[in-house]
Amino acid sequence: MPSDANKSPSAHTTRFWHDPAKRAILFQSLLVIAVLGFVGMIVQNTLHNLESRGITTGFAFLSQEAGFGIVQSLIDYTESSSYGRTFFVGLLNTLLVSALGVVAATVIGFVMGIARLSNNWLIAKVASAYVEIFRNIPLLIQIFFWYFAVLRALPSPRQSLEPLDNIFINVRGLYMPEPIYGDGFGWVVVAFLLAVVAVIGIARWSKKRQDETGQRFPLFWTAAGLLIGLPLVVYWIMGSPMTWDNPVLKGFNFRGGMTIIPELAALWLALSIYTAAFIAEIVRSGIEAISSGQTEAASALGLSKSKVLRLVVVPQAVRVIIPPLTSQYLNLIKNSSLATAIGYPDLVSVFAGTTLNQTGQAIEVIFMTMLVYLTLSLLVSAFMNWFNTRMALVER
Amino acid sequence: MSMTHQVEDDKLMVEMRGVNKWYGQFHVLKDVNLEVKKGERIVICGPSGSGKSTTIRCINRLEEHQKGDIIVDGTTLNNDLKNIETIRREVGMVFQHFNLFPHLTVLENCALAPIWVRKTPRDEAEEIAMKYLRRVKIEEQALKYPGQLSGGQQQRVAIARSLCMNPQIMLFDEPTSALDPEMIKEVLDVMVELADEGMTMICVTHEMGFAKTVADRVIFMDKGQIIEENEPHEFFNNPQSERTQAFLSQILNH
Ligand SMILES: Nc1ncnc2c1ncn2[C@@H]1O[C@H](COP(=O)(O)OP(=O)(O)OP(=O)(O)O)[C@@H](O)[C@H]1O
Ligand SMILES: [Mg+2]
């Protein structure tokens, strides 16, 4: 058009603003410059402050002696161990409570989620009450509840509860017998591994046979029999090469056996029960997202209720459930850092707490701690993504 | 009507006697009586909400009736799960919205029930599946997922999936109402062919052309009751009740 042609020289600058691609580049460049400037300012400022206070930077402190004790350690640790070792003690404790929490939260969450869909009025109501109560109370309060109100109220070691022989519960923790492996126990382990291999083989064979002849094989019971039976038989042949180290009351406390300290128990309970409430909701909505038409079509073909669930509903629901389930796992891992509040020796409490206070190496310690959580989270996400793509829904 | 078609007068496939059903206070089915002989083709029509779907869904117990008897191929429907599963094996159903399993390929959709219900070896089940997919002229799509097919194709797969169980009776609940006009014919063609082969069929449909050419009997339902039933010629040319006349004039004149 003529009017356009007339304007074109002066319209040049306006055009730039109207081109989304060019505009995006401009904004992104401005943003990068701003971020770089900000980071540079912080670094310079920090270095200046450290210098003026005479604090040394670097990771040399990791090999110095820590000089403090830790109540629970999965690896050898004494007060004369190094600060570097406190990092690993804390890391392992974080991993321990996170792993226990993820497993328990998943089990409780799935049970509660399915229970909410139950036709049984009472079961459904109990499950919804569970969800509403535990997801609406702050996690920290729940940790305090389990630690101070429940576990701190347990009797002293002398009045320990003994629910089963040689298992003691008291205010200092849960004491259990610890297995001591004698000569020849290795063969029991070998027998178990052989059973695992055999079960995998049988599973393949039975699937192949079903494909070929349509006959079903009682895989579950065979597997259970092999996995338990074979090691038991070998155990018996080797003359029972295992003894128990029982906890015994000596003075005011128990010696021997294995202990679950109340800090771990409280944190584990709180993390799993709290996260399970969210997982239950995810499971419920995942199953509800599968339309009733799917169940109807499958039932109309003559599939039994359990096969409808197994072959049609669950495979579709799992794909809906996995992404939000992943974020619950990540939340649980990060929430485990609330350990500090009751003194469970996790990474934050031990390393970003005591170690940081004693050494003053704030930057290094916080940096390492953040890196650990970041790595853990990315690993979990990567695993769950891999799992999800394996199940990915092919759709238009 | 086709030449090969034969109704066996002495063999009842479905028998509904005094069937009543309530949704809470709402009386959906009122004393429904229906007999379907082997080889018979029944079309059920009626206004929306009249209980057509509910009636045929009672036959394979997707809905539970509260009063009366339903006997399918000699088996009485009651709360016995074994009876229900026996009947469902013999009764195929096609839904308005296809309800294919989106996580399985077309072939797997079809082979699923033969494998898990009939305990057919997989190879054999897949052969059966391919046979019926060929019959509904869609074998070239066997390895695709339902989401990759058009509505008409999906409905034909759904029909094949039901046929794989080799049912004695087929129930159709408005199989073409969710389809674009150009796809309706491909599904109706498959249904006509099935009828020609002597399949016992109960179809809820508003496709009056289909009813005229294929049905042995047309049943008109309103407000949960069977108002009128007749062979198609009489039904369309000489409807007895006023409600049928009103319904037909509405459906044929738009
Ligand atoms: N689950 C249910 N709960 C309560 N009422 C229902 C339920 N399902 C159906 N109804 C009611 O029962 C009546 C009959 O429903 P039905 O689906 O059998 O009708 P229909 O004749 O198939 O109608 P349409 O042509 O719309 O499919 C309707 O009034 C419907 O609202
Ligand atoms: Mg209907």
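Residues numbered from 1 in each chain as written. Chains lettered and ligands numbered in written order. Predicted model: local features only at pLDDT ≥ 70, side-chain atom pairs only at ≥ 80, totals over all residues. Heavy atoms only, no water.

Identification of chain A as Amino acid ABC transporter permease from Oceanospirillum linum is taken from an unreviewed UniProt entry. According to the UniProt record, the Sequence similarities (unreviewed entry) comment for chain A is "Belongs to the binding-protein-dependent transport system permease family. HisMQ subfamily." (UniProt positions renumbered as here; feature names shortened; annotations may be inferred.)

Trainee: Would you mind showing me how to read the overall build of chain B here?
Mentor: Counting its secondary structure elements, chain B contains nine helices and ten strands. Against the globule reference of 18 Å for 254 residues, chain B gives a C-alpha radius of gyration of 18 Å, in line with a compact fold. Dimensions of chain B along its principal axes, counting C-alpha atoms only, are 55 × 45 × 40 Å. Every one of the 254 residues in chain B was classed for burial, and the buried ones make up 59%. When contacts within chain B are restricted to residue pairs at least 6 apart in sequence, those whose partners lie at least 24 apart make up 67%. Surface summary for chain B: the accessible area is close to 10900 Å², and the carbon and sulfur share equals 46%. On chain B, the mean spot of the 29 positive side-chain charges and the mean spot of the 38 negative ones are 4 Å from each other. (Helix = DSSP H or I, 4+ residues; strand = E, 2+ residues; numbered from the N terminus. Rg over C-alpha atoms; globule rule 2.2 N^0.38 Å. Buried < 20%, exposed > 50% of the residue type's maximum accessible area, 1.4 Å probe, protein only. Contact = heavy atoms within 4.5 Å. Areas by Shrake-Rupley, 256 points an atom, 1.4 Å probe, with all protein chains shown as cover. Lys, Arg positive; Asp, Glu negative; His and termini not counted. Charge placed at Lys NZ, Arg CZ, Asp CG, Glu CD.)

Trainee: Explain a nonpolar patch on the surface here, please?
Mentor: Residues and elements named next belong to chain A. A cluster of nonpolar residues, Leu31, Val35, Phe38, Val39, Met41, Ile42, Val43 and Leu47, forms a patch on the protein surface that exposes about 770 Å² of accessible area. Mapped onto the elements, Leu31 comes out in helix α3 (residues 20–53). Taking relative accessible area as the criterion, Leu31 reaches 56% and is therefore assigned exposed. (Patch = residues over 30% accessible without salt bridge, like charges linked within 9 Å, V, L, I, M, F, W, Y side chains within 5 Å. Salt bridge = Lys/Arg side-chain N within 4 Å of Asp/Glu carboxyl O.)

Trainee: How should the nonpolar core be read in this particular structure?
Mentor: Nonpolar side chains tend to gather and get buried jointly when the protein is soluble and globular. Grouped together as the largest cluster of nonpolar side chains are 111 residues, with contacts concentrated most on Met16 and Ile202 of chain B. With 15 residues, the single largest contributor to this core is helix α9 (residues 262–288) of chain A. Discounting chain neighbours no more than four positions away, the residues touching Met16 of chain B are Val32, Asn33, Leu34, Thr55, Cys58, Ile59, Asp69 and Ile70 of chain B. With 47 residues, the next largest nonpolar core counts Leu100, Ile159, Val190 and Met201 of chain B among its residues. (Core = buried A, V, L, I, M, F, W, Y, C linked by side-chain atoms within 4.5 Å.)

Trainee: Explain the site of ligand 1 here, please?
Mentor: Residue and element names in this part refer to chain B. Lining the immediate surroundings of ligand 1 are Tyr23, Phe26, Val28, Pro47, Ser48, Gly49, Ser50, Gly51, Lys52, Ser53, Thr54 and Glu174. One of the side-chain nitrogen or oxygen atoms of Glu174 is found 3.1 Å away from an oxygen atom of ligand 1. For ligand 1, whose unbound accessible area comes to 640 Å², protein coverage reaches 59%. Looking at the shell around ligand 1, the elements with two or more residues in it are β2 (26–38) and α1 (52–59). Residues of the shell around ligand 1, tallied by class, amount to four nonpolar, six polar and two charged. (Near = heavy atom within 4 Å. Polar contact = N/O pair within 3.5 Å; in protein donor to acceptor, adjacent residues only side chain to side chain. Nonpolar A, V, L, I, M, F, W, Y, C, P; charged D, E, K, R; others polar.)

Trainee: Looking at this structure, I do not really get the packing of helix α4 (residues 122–135) of chain B against helix α5 (residues 151–163) of chain B. What am I missing?
Mentor: Pairs of packed helices are described in terms of their axes, by the angle between the two and the distance that separates them. All names here are of chain B. Between α4 and α5, whose axes approach to 9 Å, the crossing angle comes to 135°. One finds that α4 runs oblique with respect to α5. For the pair α4 and α5, the sense of crossing is right-handed. Contacts between α4 and α5 involve Tyr132, Leu133 and Arg135 on the former and, on the latter, Val157, Ala160 and Leu163. Partitioning the contact of α4 with α5 into residue classes produces five nonpolar, no polar and one charged. (Axes fitted to C-alpha atoms, helices over the stretch in contact; angles between N-to-C directions. Parallel < 35°, antiparallel > 145°, perpendicular 65-115°, else oblique. Left-handed = near helix turned anticlockwise from the far one by under 90°.)

Trainee: Would you mind showing me how to read the pattern of salt bridges here?
Mentor: Charged atoms that come close allow side chains of opposite charge to pair. Overall, the coordinates contain 20 salt bridges over all chains when judged by the stated rule. With a shortest N-O distance of 2.6 Å, Arg57 of chain B and Glu296 of chain A are connected by a salt bridge. Taken together, the residues span two chains, with Arg57 of chain B in helix α1 and Glu296 of chain A in helix α10 (residues 292–300). In this structure Arg57 of chain B comes out as buried when scored by relative accessible area, which is 12%. Where Glu15 of chain B meets Arg17 of chain B, a salt bridge forms, and the shortest distance between an N and an O atom there is 2.8 Å. Residue Glu15 of chain B is classed as buried on the basis of its relative accessible area of 14%.

Trainee: Hey, could you run me through the interface of chain A and chain B in this one?
Mentor: Quoted interface sizes are often the accessible area lost when the parts come together. With 29 residues of chain A in contact, the opposing surface of chain B contributes 31 residues. Summed over both sides, the interface of chain A with chain B buries roughly 2700 Å², with 59% coming from carbon and sulfur. Here chain A and chain B share one salt bridge between them. Where the side of chain A that touches chain B is concerned, the elements lending two or more residues are α7 (185–213), α10 and α11 (305–335) of chain A. Among the residues forming the side of chain A that touches chain B, the class breakdown is ten nonpolar, nine polar and ten charged. (Buried area = accessible area lost by both parts, 1.4 Å probe.)

Trainee: What am I meant to see in the sheet that holds strand β9 (residues 217–222) of chain B here?
Mentor: Strands pair in a sheet through their backbones, by hydrogen bonds, and they do so in one of two ways: parallel or antiparallel. All names here are of chain B. The strand order across the open sheet formed by six strands is β6-β7-β8-β3-β9-β10, and the pairing between neighbours is mixed. Across the chains shown, the open sheet's two edge strands, defined by having one partner strand only, are β6 (91–94) and β10 (225–230). The average undirected angle you get between the axes of adjacent strands in this sheet is 20°. Packing against the sheet, helix α6 (residues 181–196) makes contact with β3 (41–45), β7 (169–173) and β8 (200–204), and its axis sits at approximately 150° to β8. (Pairing = 2+ DSSP bridges.)

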